[in-house]
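Summary of the model geometry
Here is how the chains run, residue by residue.
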Amino acid sequence: GQMASRGSAGLGYTEMKGSWFVFDRWRAHEDWCRWRAPFWHGSRVLLAFFEALFVVAMLCWLYARFAAKRLTAVRVFAPRAYEDETVRVALRVWNRFGLPLHLVEVRDWFPCDSLPEKRLVAQRIPAGGAVQVEYTGTCGHGRGRFMIGPLEVTVTDPLGLFRVTRPFSEMS
């Protein structure tokens, strides 16, 4: 195998064991030296690939952050319900972001039902558009006043790398 000094871009270089000094002019026994890998990590192709990968990751992160900031959600339901009555709750989500959103998760809390956490998924919300998802719950916990909420909307980027959850703190 060929060995070269640190200045070589194609070949590796020798280094004394246990030391960071590179010896070019002195002869060293092969057991005293170790061979460093060639300068493959400085390749322009790999550098361009990792820069593009970094840019895609940053764009996905920005997409998820800005999409979550531009969402609006509202809950619509009957203001009064009686014991053992089924209540239909409609959740409307508006996308004020300039790009469509896919697989948006809407989470609501309905405490008077036996399964209080409600998770719904909107397949697609067009740019500048809205979608409405509904669920039903039974008021089975007797009489009283029950607060519905909070409402949370979770958005992901198109590649699914980043998730951003935006709470809507209104309690109804």
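Residues numbered from 1 in each chain as written. Predicted model: local features only at pLDDT ≥ 70, side-chain atom pairs only at ≥ 80, totals over all residues. Heavy atoms only, no water.

Concerning the confidence of the model for the protein chain
- Per-residue confidence for the protein chain averages 79 on the pLDDT scale, and 72% of its residues sit at or above 70.
- Note on residues 1–5: pLDDT under 50 across the span, and 12 contacts to partners over four residues away in sequence or across chains.
- Taken as a whole, residues 16–23 scores under 50 in pLDDT and shows 15 contacts with residues more than four places along the chain or in a different chain. (pLDDT = per-residue confidence, 0-100. Contact = heavy atoms within 4.5 Å.)

Digging into a nonpolar patch on the surface
- Together, Phe54, Val55, Met58, Leu59, Trp61, Leu62 and Phe66 make up a nonpolar patch on the protein surface, roughly 660 Å² of accessible area in all.
- If you trace the backbone, Leu62 turns up in helix α1 (residues 44–69). (Patch = residues over 30% accessible without salt bridge, like charges linked within 9 Å, V, L, I, M, F, W, Y side chains within 5 Å. Areas by Shrake-Rupley, 256 points an atom, 1.4 Å probe, with all protein chains shown as cover. Salt bridge = Lys/Arg side-chain N within 4 Å of Asp/Glu carboxyl O. Helix = DSSP H or I, 4+ residues; strand = E, 2+ residues; numbered from the N terminus.)

As for the sheet that holds strand β8 (residues 151–156)
- Here we have 4 strands laid out as an open sheet, ordered β6-β5-β8-β9, and antiparallel in their pairing. Two strands close off the open sheet at either side, each with one partner strand: β6 (117–125) and β9 (163–168). Each strand of the sheet is rotated relative to its neighbour by a mean of 20 degrees, with strand direction disregarded.
- Pairing geometry for β8 and β9, over 6 bridges, is antiparallel. Within β9, the residue paired with Val155 across the bridge is Val164.
- Together, β5 (101–109), β8 and β9 form the strand contacts of α1, whose direction differs from that of β9 by roughly 15 degrees. (Pairing = 2+ DSSP bridges. Axes fitted to C-alpha atoms, helices over the stretch in contact; angles between N-to-C directions.)

Regarding the nonpolar core
- Ranked by size, the top nonpolar core spans 26 residues in total, and within it Leu91, Val93, Leu101, Phe110, Ile125, Tyr135 and Val153 carry the most contacts.
- Within the residue set of this core, elements represented by two or more residues are α1, β3 (71–77), β4 (86–95), β5, β6, β7 (130–138) and β8.
- Looking at which element gives the most residues to this core, the answer is β4, with 4 residues.
- Dropping the residues within four chain positions of it, Val93 is found in contact with Leu71, Thr72, Ala73, Val106, Ile125, Gly129, Ala130 and Val131. (Core = buried A, V, L, I, M, F, W, Y, C linked by side-chain atoms within 4.5 Å. Buried < 20%, exposed > 50% of the residue type's maximum accessible area, 1.4 Å probe, protein only.)

Focus on the environment of Glu83
- In this fold, Glu83 is placed in the loop between β3 and β4.
- Measuring from C-alpha to C-alpha, the distance between Glu83 and Cys112 comes to 9.6 Å, with 29 residues separating the pair along the chain.

A short note on the environment of Thr138
- With respect to the secondary-structure elements, Thr138 resides in strand β7.
- Classification of Thr138 by relative accessible area gives partly exposed; the value is 33%.
- On a C-alpha basis, the gap between Thr138 and Glu83 in space is 8.2 Å, while along the polypeptide they are 55 residues apart.
- With residues up to four places along the chain from it excluded, the contact list for Thr138 reads Asp84, Glu85, Thr86, Phe110, Cys112 and Asp113.

Overview of unusual backbone geometry
- Look at Leu103: it is not a glycine, yet its phi comes out positive at around 50 degrees.
- With respect to the helices, strands and loops of the structure, Leu103 is situated in strand β5.

So, the sheet that holds β7
- If you walk across this open sheet you meet the 3 strands as β3-β4-β7, and the pairing is antiparallel. Each edge of the sheet is formed by a strand with only one pairing partner; in this case those strands are β3 and β7. Neighbouring strand axes in the sheet, compared pairwise and without regard to direction, differ in orientation by 20 degrees on average.
- Bridge analysis of β4 against β7 gives 9 bridges, and the strand direction is antiparallel. What sits directly across from Leu91, in β7, is Val133.

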